[in-house]
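Chain residues, written in single-letter form:
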Amino acid sequence: MMLRFQHSEYLWALALLLVLQLAFISISWWKRSSIRKLGDPVLVEKLFTGYSRRRFAFRFLLIFLAFFFGVLGLANIQKGSRMEKITRKGVDVVIALDVSKSMLAGDVKPDRLTRAKQLISKLVDKLDNDRVGLVVFAGNAYLQMPLTIDYSAAKMYLSTVSPDMIPTQGTAIGQAIQVSDDAFNKKERKHKSLIIISDGEDHDEAAVSKANAAFDAGVVINTIGIGSTTGSPLPDPETGTYKKDKDGNTVISKLNEEELKRIAAAGKGIYEHLDNNTEEVVNSLIHRIDSMEQKEFGENIFTDYNSYFQYFLVISLILLVAEFFIPEIKRSTRANVVTATEKP
């Protein structure tokens, strides 16, 4: 069973659920605070005839769930309904992305990592029949997504990438090359392209030797340097200022172009510097990939999907209607008050 979100970008709206929770807590605190100012909370609440805290909380829960199901509906969960074996001609492309905290430097706007992700997204848009995989690395390297022709899945994996996913800091390019090499078909000696995107800040002694070994296995390595050679201070999310070293000096992160050029030379590929020329770099990479010898490969993929957005939107609508018709004041209590006032 293959499930996917057709519009995964809408899932970011789920972060607003936290805002709703904070609004509920704030309103509840404000109501209780107002009651305390009037006098003893127990006695004061008795004056509000028929008021129910539980109903107020229940109405909020309905709104909370309605928003949740509404977002799922907009993202449109789909299930693969028909699978076909497609024969294609292309190459295998693995992208190794540096996610170390130095990639948060702002010498490339909005920051190095965001610009790198934009580059990858545009590159995926221009791939045609090529399989793509994703490796992330900092102090360690991991295969984030194996080789696939599903470009929408590739973008979904890309959207989740952040420096927090790898706790060990550093720039282990050598390990990234090894993990990327392992992701390729070991029986083939060509049709394999590795693209490394990094600031290359930490010198990795094993990187060049790993690049030589990967090229011997048929992997052509292209490197993309991101950042400036003059450097940029690193933001510190915890303090809201820039990171300091043990001596109190501001930490400056610089692009290590020479390292990345040596790796590209060892992998018989090209080195490109990414600043504001994203489109030019993408076109250069696509030209290199298209000029490689291509192979034929078959892959079973889903060609049709059933959509289920309507069910989630209906649930959301029902919850909103239910919330509208549930009052915070108990109706039975209101009726008793009216009856009592009508008696002579």
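Residues numbered from 1 in each chain as written. Predicted model: local features only at pLDDT ≥ 70, side-chain atom pairs only at ≥ 80, totals over all residues. Heavy atoms only, no water.

**Re the confidence of the model for the chain**
Turning to step 1, where the next piece is worked out: Mean pLDDT over the chain works out to 85, with 88% of the residues at or above the 70 mark.
Turning to step 2, where the next piece is worked out: Low pLDDT (under 50) marks residues 333-344, which in the prediction has four contacts with non-local residues, meaning those over four places away or in another chain. (pLDDT = per-residue confidence, 0-100. Contact = heavy atoms within 4.5 Å.)

**A short note on helix H4 (residues 112-126)**
Turning to step 1, where the next piece is worked out: Between its terminal C-alpha atoms H4 stretches 21 Å, which fits the 21 Å expected from 15 residues at 1.5 Å a residue.
Turning to step 2, where the next piece is worked out: Among the residues of H4, those classed as buried are Arg 112, Leu 113, Arg 115, Ala 116, Lys 117, Leu 119, Ile 120, Leu 123 and Val 124.
Turning to step 3, where the next piece is worked out: Its side-chain oxygen placed 3.1 Å from the backbone nitrogen of Leu 113, Asp 111 serves as the N-cap of H4. (Helix = DSSP H or I, 4+ residues; strand = E, 2+ residues; numbered from the N terminus. Expected span 1.5 Å × (residues − 1). Buried < 20%, exposed > 50% of the residue type's maximum accessible area, 1.4 Å probe, protein only. Polar contact = N/O pair within 3.5 Å; in protein donor to acceptor, adjacent residues only side chain to side chain.)

**Details of the side chain of Ser 253**
Turning to step 1, where the next piece is worked out: Structurally, the position occupied by Ser 253 is in strand S11 (residues 252-253).
Turning to step 2, where the next piece is worked out: Among the residues examined, Ser 253 registers a relative accessible area of 0% and is labelled buried.
Turning to step 3, where the next piece is worked out: Within the structure, the side chain of Ser 253 is placed 3.2 Å from the side chain of Glu 201, a separation counted as a polar contact.
Turning to step 4, where the next piece is worked out: Filtering out sequence-adjacent residues up to four positions away, Ser 253 remains in contact with Ser 102, Asp 107, Arg 112, Asp 199, Glu 201, Gly 231, Ser 232 and Leu 234.

**Structural notes on empty space enclosed by the protein**
Turning to step 1, where the next piece is worked out: For the structure shown, the criterion picks out one cavity of 30 Å³ or more.
Turning to step 2, where the next piece is worked out: Each pocket or cavity is described by its volume, and for the largest cavity that value is around 60 Å³.
Turning to step 3, where the next piece is worked out: Lining the largest cavity, in full, are Ile 95, Ile 120, Ser 121, Val 124, Val 132, Gly 133, Leu 134, Met 145, Ala 154, Lys 155 and Leu 158.
Turning to step 4, where the next piece is worked out: Grouping the amino acids of the lining of the largest cavity by side-chain chemistry returns eight nonpolar, two polar and one charged. (1 Å grid on protein atoms, 1.4 Å probe; cavity = no way out; pocket = protein on both sides within 12 Å on 5 of 7 lines; lining within 4 Å. Points joined across faces, edges and corners; volume = space filled by probe spheres on them. Nonpolar A, V, L, I, M, F, W, Y, C, P; charged D, E, K, R; others polar.)

**Quick word on the sheet that holds strand S3 (residues 92-98)**
Turning to step 1, where the next piece is worked out: The mixed open sheet is built from six strands, whose spatial order is S5-S4-S3-S6-S7-S12. Looking along the sheet, the strands with just one partner apiece sit at the ends: strand S5 (141-148) and strand S12 (271-274). In this sheet, neighbouring strand axes are inclined to one another by 20 degrees on average, regardless of whether the strands run parallel or antiparallel.
Turning to step 2, where the next piece is worked out: Sheet contacts for helix H8 (residues 257-266): strand S6 (192-198), strand S7 (219-226) and S12; angle to S7, the most-contacted strand, approximately 165 degrees. (Pairing = 2+ DSSP bridges. Axes fitted to C-alpha atoms, helices over the stretch in contact; angles between N-to-C directions.)

**Describing the pairing of S6**
Turning to step 1, where the next piece is worked out: Across the seven residues of S6, seven count as buried, placing the element largely inside the fold.
Turning to step 2, where the next piece is worked out: Burial along S6 is two-sided: the face carrying Lys 192, Leu 194, Ile 196 and Ser 198 and the face carrying Ser 193, Ile 195 and Ile 197 are both buried.

**Examining the packing of aromatic side chains**
Turning to step 1, where the next piece is worked out: The final tally for this structure, using the stated rule, is seven aromatic pairs.
Turning to step 2, where the next piece is worked out: Seen in terms of ring centroids, Phe 24 and Phe 56 are 5.5 Å apart; in terms of plane orientation they differ by 20 degrees. Their pairing is stacked. One end of the pair, Phe 24, is in helix H1 (residues 16-38); the other, Phe 56, is in helix H3 (residues 53-75), and 32 residues separate them in sequence.
Turning to step 3, where the next piece is worked out: Taking the relative accessible area as the measure of exposure, Phe 56 reaches 14% and is therefore buried.
Turning to step 4, where the next piece is worked out: With 5.4 Å between their ring centres and 75 degrees between their planes, Phe 68 and Phe 69 make a pair best called edge-to-face.
Turning to step 5, where the next piece is worked out: According to the relative accessible area criterion, Phe 68 is partly exposed, its value standing at 30%.
Turning to step 6, where the next piece is worked out: Cluster of aromatic residues (ring-pair linked, three or more members): Phe 24, Phe 56, Phe 60 and Phe 64.
Turning to step 7, where the next piece is worked out: For the cation-ring pair, Arg 4 lies above Tyr 305, with the distance from its terminal atom to the ring centre recorded as 3.7 Å. (Phe/Tyr/Trp six-rings, centres within 6.5 Å; stacked < 30°, edge-to-face > 60°. Lys NZ or Arg CZ within 6 Å of the ring centre and 35° of its normal.)

**Some details on the environment of Glu 9**
Turning to step 1, where the next piece is worked out: Its location among the elements puts Glu 9 in the loop between strand S1 (3-5) and H1.
Turning to step 2, where the next piece is worked out: On the basis of relative accessible area, Glu 9 is assigned to the partly exposed category, the value being 46%.
Turning to step 3, where the next piece is worked out: Separated by 150 residues in sequence, Glu 9 and Ser 159 have C-alpha atoms that sit 8.3 Å apart.

**Considering unusual backbone geometry**
Turning to step 1, where the next piece is worked out: The amide bond that connects Lys 109 to the next residue, Pro 110, takes the cis arrangement and shows omega of 0 degrees.
Turning to step 2, where the next piece is worked out: One can find Pro 110 in the loop between S3 and H4.
Turning to step 3, where the next piece is worked out: A positive phi angle is found at Lys 268, which is not glycine, with a value near 55 degrees.
Turning to step 4, where the next piece is worked out: Locating Lys 268 in the fold gives a position in the loop between H8 and S12.

**With respect to the pattern of salt bridges**
Pairs may arise between side chains of opposite charge once their charged atoms sit close together.
Turning to step 1, where the next piece is worked out: In the structure shown here, the tally under the stated rule is 11 salt bridges.
Turning to step 2, where the next piece is worked out: Between Arg 131 and Asp 92 there is a salt bridge whose closest N-O contact spans 2.9 Å. With Arg 131 in strand S4 (residues 131-137) and Asp 92 in strand S3, the pair connects residues that are 39 residues apart, well separated along the chain. One exposure class covers both Arg 131 and Asp 92, and it is buried.
Turning to step 3, where the next piece is worked out: Of the charged contacts, one joins Lys 122 and Glu 279 as a salt bridge, the two residues approaching to 3.9 Å between their closest N and O atoms. Of this pair, Lys 122 sits in helix H4 while Glu 279 sits in helix H9 (residues 278-290), and the two are 157 residues apart along the sequence.
Turning to step 4, where the next piece is worked out: Several salt bridges converge on common partners, so that one network encompasses Asp 107, Arg 112 and Asp 199. (Salt bridge = Lys/Arg side-chain N within 4 Å of Asp/Glu carboxyl O.)

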